[in-house]
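Understanding the architecture of this molecule
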Amino acid sequence: MRSSTHTGTFAAAAPPRDGALPERREPRDGALPERREPRLWARARRALPFALAIGLVAFVLGRLDFGAFRAALARVDAPLFGASAALFILALLAADTFATVLVYRRLIAPVAFRDFFVLRGASYLPSLLNHHVGQAFITVFLARAHGVPLARVAGATLVVYASWLGCLLLLGAIAVPANGGPLAVSALLLGAGVLYLALLALRPARLARTRLLAPLFEAGVRGHLVALAARVPHVVVLFVGTWLPFWFFGVRIPLGAALTYIPILMVAVTLPLTPQGFGTRDVLAAALFEGFAAGVTREERLAAIAAATTTWAVALTLVEAALGLALLRGALPHVEAKDTAGAAPSDAAPSGAPRGEPR
């Protein structure tokens, strides 16, 4: 994972000699001194998302009629459901790669579509913990493989996030009035996006010179709009893949309502609260979609929703784990070797960076 040309933050430090203790590093550039977390607290913090997921799933299952839950599962065509999960993941991977690789090519290095497809697929394995862990995996890999400072690659990743959030803002701005909501909400959502683009156009010197934020200003308004347009297919695939699985279980959400509520579910699943959104997805879906579920009693409706969310989450986890493991062990080492061999010298400016920019 480490390029021989990389000399940045994550370069391997030389081991202490003669049994000497490692020298304490003083903070540089006004950074705060490093503090080690107590071991017990660190372990508790890592276990908290899993404990929260178990608690939320237990809360959902505790309200269910298990007879209705089993009946909802029995009505589903399992092979078709599994094939749909696999097709969704492949389509999502291709659309995500298409949108993301354009950003990294512009700001980091000439990353090939096929290579990033492999890298993004391999990142599905760490993404099982949380979506943002997978994004961090990609960021660190690109920094090391291409000899680019980690802060700069992280800044390019922020552009990726900005394109994703921009699509959600547009989706919300369209969906709210379409469902009879106030136009003021749409104006607020669009206004947030306009303010962000105005900040990019103004290019405050203090922000534009910051290594982490510099890629945002280099992309500029035009670059962000291009990234947003390229992100639309990815958001559409994710929207459809979040919406249609409910239909397997008789939870028929109309398109207008889906445009309002499905984006909320899409965002909630990516929050660093629980692994893969387990529990978070189930509780939120029960609150949002109970009125659209088939069933005479409330227990039957909640059972149909719980069957949809839990089985889809399990199916996606199995597909992502298998794909991520296969690419991580099979194809990604070849991509890393190729990228390392072709990495620019460490004293060369990264692709898309202005000459003379501090690295």
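Residues numbered from 1 in each chain as written. Predicted model: local features only at pLDDT ≥ 70, side-chain atom pairs only at ≥ 80, totals over all residues. Heavy atoms only, no water.

A short note on the pattern of salt bridges
Enumeration according to the criterion identifies five salt bridges in this entry. A salt bridge links D96 to R120, with the shortest nitrogen-to-oxygen separation between them at 2.7 Å. Of the two residues, D96 sits in helix α3 (residues 78–107) while R120 sits in helix α4 (residues 113–122), which places them 24 residues apart along the sequence. Comparing D96 with R120, the two get one shared label, buried. R301 is the partner of E290 in a salt bridge, and the nearest nitrogen-oxygen pair spans 3.6 Å. Linking E290 in the loop between α12 (280–289) and α13 (298–341) with R301 in helix α13, this pair joins segments that are eleven residues apart in sequence. (Salt bridge = Lys/Arg side-chain N within 4 Å of Asp/Glu carboxyl O. Helix = DSSP H or I, 4+ residues; strand = E, 2+ residues; numbered from the N terminus. Buried < 20%, exposed > 50% of the residue type's maximum accessible area, 1.4 Å probe, protein only.)

Considering α4
A turn of α-helix holds 3.6 residues, and therefore any two residues three or four places apart point the same way. Most of α4 is tucked away, with seven of its ten residues classed as buried. Listed as buried for α4 are D115, F116, V118, L119, R120, G121 and A122.

Focus on a nonpolar patch on the surface
Among the surface-exposed residues, V232, V236, V240, L244 and W247 lie close enough to one another that they form a single nonpolar patch of about 370 Å² accessible area. In this fold, W247 is placed in the loop between α10 (214–243) and α11 (255–270). (Patch = residues over 30% accessible without salt bridge, like charges linked within 9 Å, V, L, I, M, F, W, Y side chains within 5 Å. Areas by Shrake-Rupley, 256 points an atom, 1.4 Å probe, with all protein chains shown as cover.)

Description of the nonpolar core
Among the nonpolar cores identified, the biggest contains 78 residues, and Y104, F246 and F289 are the most heavily contacted of them. A total of 13 residues in this core trace back to one element, the largest contributor, which is α13. Apart from the residues lying within four places of it in its own chain, the contact partners of Y104 are A109, V111, F116, I138, T139, L142, V153, A156, T157 and V160. (Core = buried A, V, L, I, M, F, W, Y, C linked by side-chain atoms within 4.5 Å. Contact = heavy atoms within 4.5 Å.)

That is the geometry; function is a separate question.
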